[in-house]
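Descriptive analysis of the structure
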Amino acid sequence: MPVTARPDDWSPADNPYAIALSETQWSLWTVQLCALRIHEGGDPERQIDARQFVAALRRIERFAMMEQDACRQVAPEAAHVLGQAIEVFATAVPGARHARDVLEHYDAYAVGKGHRQASAASDLARQYSRFGYDPRTDQIQIGPYQINVTDAVTHARQLTAAVHTAVQAYDAASDPSRSVEGADHRD
């Protein structure tokens, strides 16, 4: 697939909505690939993919939030709708944010230091040491957090679709000629 040339003055800093869309899509593909390998693979490979799966789930949520921020001024209704989709995702996959935090900061969790580890360090370290994918339940467990892999993929797809919709609204609001409804489709 050829890469389209961009003007030399194009910067991601000036186009956060485009970066959010791209990173959300890459993260969804990562989630889908990891889920496939988790379901079809064996250990230890599926455990490796489970860790990547959790990280990619969180990236989808974070980049959706980036898209929401980008849309606030240009397409406020799209930002609102995307915010609702983010809330649905966070409710449907409640462990994604915290599970990723545990993985990312496990060095602190393991020795009872850090934000969540302020009290009862050894109990928390023991609690958060549990990690793994269980094929019997189709769940990844990280400490007290469980993520159903199949359900999480469904919700990740839905949130990514909401990001795509928000980008279309952003494009339409910032340049009406790019709107799907306003586009000239003659060849």
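It should be noted that the structure appears before, not after, this text.
Since the structure is predicted, the reported quantities are computational estimates derived from the model, not experimental observations. (Residues numbered from 1 in each chain as written. Predicted model: local features only at pLDDT ≥ 70, side-chain atom pairs only at ≥ 80, totals over all residues. Heavy atoms only, no water.)

Another point: helix 7 (residues 149-174). Relative to the 38 Å expected for 26 residues at 1.5 Å per residue, helix 7 spans 37 Å between its end C-alpha atoms, a close match to the ideal helical length. Buried within helix 7 we find Val-149, Ala-152, Val-153, Ala-156, Leu-159, Thr-160, Ala-162, Val-163, Ala-166, Val-167, Tyr-170 and Asp-171. Residues of helix 7 that are buried make contact with helix 1 (16-40), helix 2 (45-74), helix 3 (76-92), strand 1 (131-134), strand 2 (139-142) and strand 3 (145-148). Of the residues that open helix 7, the one with a side-chain oxygen 3.1 Å from the backbone nitrogen of Thr-150 is Asn-148. (Helix = DSSP H or I, 4+ residues; strand = E, 2+ residues; numbered from the N terminus. Expected span 1.5 Å × (residues − 1). Buried < 20%, exposed > 50% of the residue type's maximum accessible area, 1.4 Å probe, protein only. Contact = heavy atoms within 4.5 Å. Polar contact = N/O pair within 3.5 Å; in protein donor to acceptor, adjacent residues only side chain to side chain.)

What follows is about the pattern of salt bridges. For the structure on display, the rule yields five salt bridges. Between Asp-69 and Arg-72 there is a salt bridge, with its nearest N and O atoms 3.1 Å apart. With Asp-69 and Arg-72 both in helix 2 and three residues apart, this pair spans about one turn of that helix. Given a relative accessible area of 47%, Asp-69 falls into the partly exposed group. Residue Arg-72 is classed as partly exposed on the basis of its relative accessible area of 42%. (Salt bridge = Lys/Arg side-chain N within 4 Å of Asp/Glu carboxyl O.)

Attention shifts here to the packing of aromatic side chains. For the coordinates displayed, the defined rule picks out two aromatic pairs. Between Tyr-17 and Tyr-170 the ring centres are 3.9 Å apart and the planes differ by 25°, which places this aromatic pair in the stacked class. Taken together, the positions of Tyr-17 in helix 1 and Tyr-170 in helix 7 put the pair 153 residues apart, joining distant regions of the chain. Considered together, Tyr-17 and Tyr-170 belong to a single accessibility category, that of buried residues. Look at Trp-26 and Trp-29: their rings are 5.0 Å apart centre to centre, the planes differ by 85°, and that puts the pair in the edge-to-face class. Here Trp-26 pairs with Trp-29, and both are found in helix 1, just three residues apart, close to one helical turn. According to the relative accessible area criterion, Trp-26 is exposed, its value standing at 52%. (Phe/Tyr/Trp six-rings, centres within 6.5 Å; stacked < 30°, edge-to-face > 60°.)

As a further point, take the side chain of Thr-160. Structurally, Thr-160 can be placed in helix 7. On the basis of relative accessible area, Thr-160 is assigned to the buried category, the value being 2%. Residues contacting Thr-160, with those up to four places away along its chain left out, are Thr-24, Gln-25, Leu-28 and Ile-60.

With respect to the element layout, Asp-138 can be found in the loop between strand 1 and strand 2. Buried charge Asp-138 goes without a salt bridge, the closest partner of opposite sign being Arg-46 at 7.9 Å. There is a polar contact of 2.6 Å between the side chain of Asp-138 and the side chain of His-39. Beyond its immediate chain neighbours, meaning those up to four positions away, Asp-138 contacts His-39, Tyr-133, Ile-147, Asn-148, Val-149 and Thr-150. (Lys, Arg positive; Asp, Glu negative; His and termini not counted.)

The values reported here are purely geometric and, on their own, carry no functional implication.
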